[in-house]
Amino acid sequence: INSIDTNIIKDYTYVCNNNLSDIELNNTTFIGIGAFEYCENLISINDNSNNVITLSHSSFANCTNLRNINIQCNNLPDRCFYNCQNLTKINIYPNSDINTIGAECFYNCTELKNIDISKSVF
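Residues numbered from 1 in each chain as written. Predicted model: local features only at pLDDT ≥ 70, side-chain atom pairs only at ≥ 80, totals over all residues. Heavy atoms only, no water.

Asks: Just to check I follow, could you spell out the sheet that holds strand β3 (residues 22–25) for this structure?
Replies: Within a sheet, adjacent strands bond to each other through the backbone by hydrogen bonds, running parallel or antiparallel. With respect to topology, six strands assemble into an open sheet ordered β1-β3-β5-β6-β7-β8, the strand pairing being parallel. Two strands lie at the open edges of the sheet, namely β1 (2–4) and β8 (114–117), each paired on one side alone. The mean angle between the axes of side-by-side strands here comes to 10°, regardless of whether they run parallel or antiparallel. Alignment of strand β6 (residues 68–71) against strand β7 (residues 89–92), held across four bridges, turns out to be parallel. Its bridge partner lying in β7, Asn70 is registered against Asn91. (Pairing = 2+ DSSP bridges. Helix = DSSP H or I, 4+ residues; strand = E, 2+ residues; numbered from the N terminus. Axes fitted to C-alpha atoms, helices over the stretch in contact; angles between N-to-C directions.)

Laid out in structure tokens, this is it:
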């Protein structure tokens, strides 16, 4: 398990990092463009903070082994989970406020069976 205790994860910080498998976000409020893109061994992401996280374009794109996500966020931007072929479940915590789902956000997420968004999406 990789515990990340930073507030801001900058653009492309962990791109192509295959040492990541299970991530616990503890104080994160922002995940930059492509921050975890192509992390092919990434399996799960769990948000342990009370913070609402802002996601960016392609934050988790091409994480082909990513299976589940538990997160509190305020957006689902373009290509956020693009080509996450093994993603089966996304749990968006109740304090989240999702207004839109961006273009190709879940493109080629062929195993995605469950998205739990407790509030309505406009």
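Asks: Help me understand a nonpolar patch on the surface, please; the structure alone is not making it clear to me.
Replies: Nonpolar side chains collect at one region of the surface, where Tyr12, Val15, Ile33 and Tyr38 lie side by side and expose about 340 Å² of accessible area between them. Here Ile33 falls in the partly exposed class, since its relative accessible area comes to 32%. (Patch = residues over 30% accessible without salt bridge, like charges linked within 9 Å, V, L, I, M, F, W, Y side chains within 5 Å. Areas by Shrake-Rupley, 256 points an atom, 1.4 Å probe, with all protein chains shown as cover. Salt bridge = Lys/Arg side-chain N within 4 Å of Asp/Glu carboxyl O. Buried < 20%, exposed > 50% of the residue type's maximum accessible area, 1.4 Å probe, protein only.)

Asks: Any chance you could explain the nonpolar core here in plain terms?
Replies: For soluble globular proteins, nonpolar side chains are generally found buried alongside one another. Ranked by size, the top nonpolar core spans 29 residues in total, and within it Ile31, Phe36, Leu42, Leu55, Phe60, Leu66 and Phe81 carry the most contacts. Secondary-structure elements contributing two or more residues to this core are β3, β6 and β7. (Core = buried A, V, L, I, M, F, W, Y, C linked by side-chain atoms within 4.5 Å.)

Asks: So what exactly am I meant to see when it comes to unusual backbone geometry here?
Replies: Among all residues save glycine, negative phi is the norm, and among peptide bonds the norm is trans. Not every positive phi belongs to a glycine, and Cys16 is a case in point at roughly 65°. Structurally, Cys16 is set in the loop between β2 (8–9) and β3. Backbone geometry at Asn62 places phi at a positive 65°, although glycine is not the residue there. The topology assignment puts Asn62 in the loop between β5 (44–47) and β6.

Asks: What is the right way to look at the environment of Ile45 in this model?
Replies: Within the element layout of this structure, Ile45 appears in strand β5. Its relative accessible area of 1% is what places Ile45 among the buried residues. Ile45 sits 24 residues away from Ser21 along the chain, and the two C-alpha atoms are 8.7 Å apart. In this structure Ile45 touches Ile23, Leu25, Phe60, Leu66, Asn68, Ile69 and Asn70, once residues within four positions along its chain are discounted. (Contact = heavy atoms within 4.5 Å.)

Asks: What is the right way to read the side chain of Asn83 from this model?
Replies: Note that Asn83 resides in the loop between β6 and β7. Asn83 gets classed as buried once you look at its relative accessible area, which sits at 15%. Within the local environment of Asn83, its side chain forms a polar contact with the side chain of Gln85, the two groups lying 2.9 Å apart. In contact with Asn83, not counting residues within four places along its chain, are Asn62, Thr64, Tyr107 and Asn108. (Polar contact = N/O pair within 3.5 Å; in protein donor to acceptor, adjacent residues only side chain to side chain.)

Asks: Got a minute to help me understand the pairing of β6 in this structure?
Replies: The side chains of a regular strand alternate, residue by residue, between the two faces of the sheet. Relative to β6, β5 runs parallel, the two sharing three bridges. From the neighbouring strand, Ile45 faces β6, where its bridge partner is Ile69.

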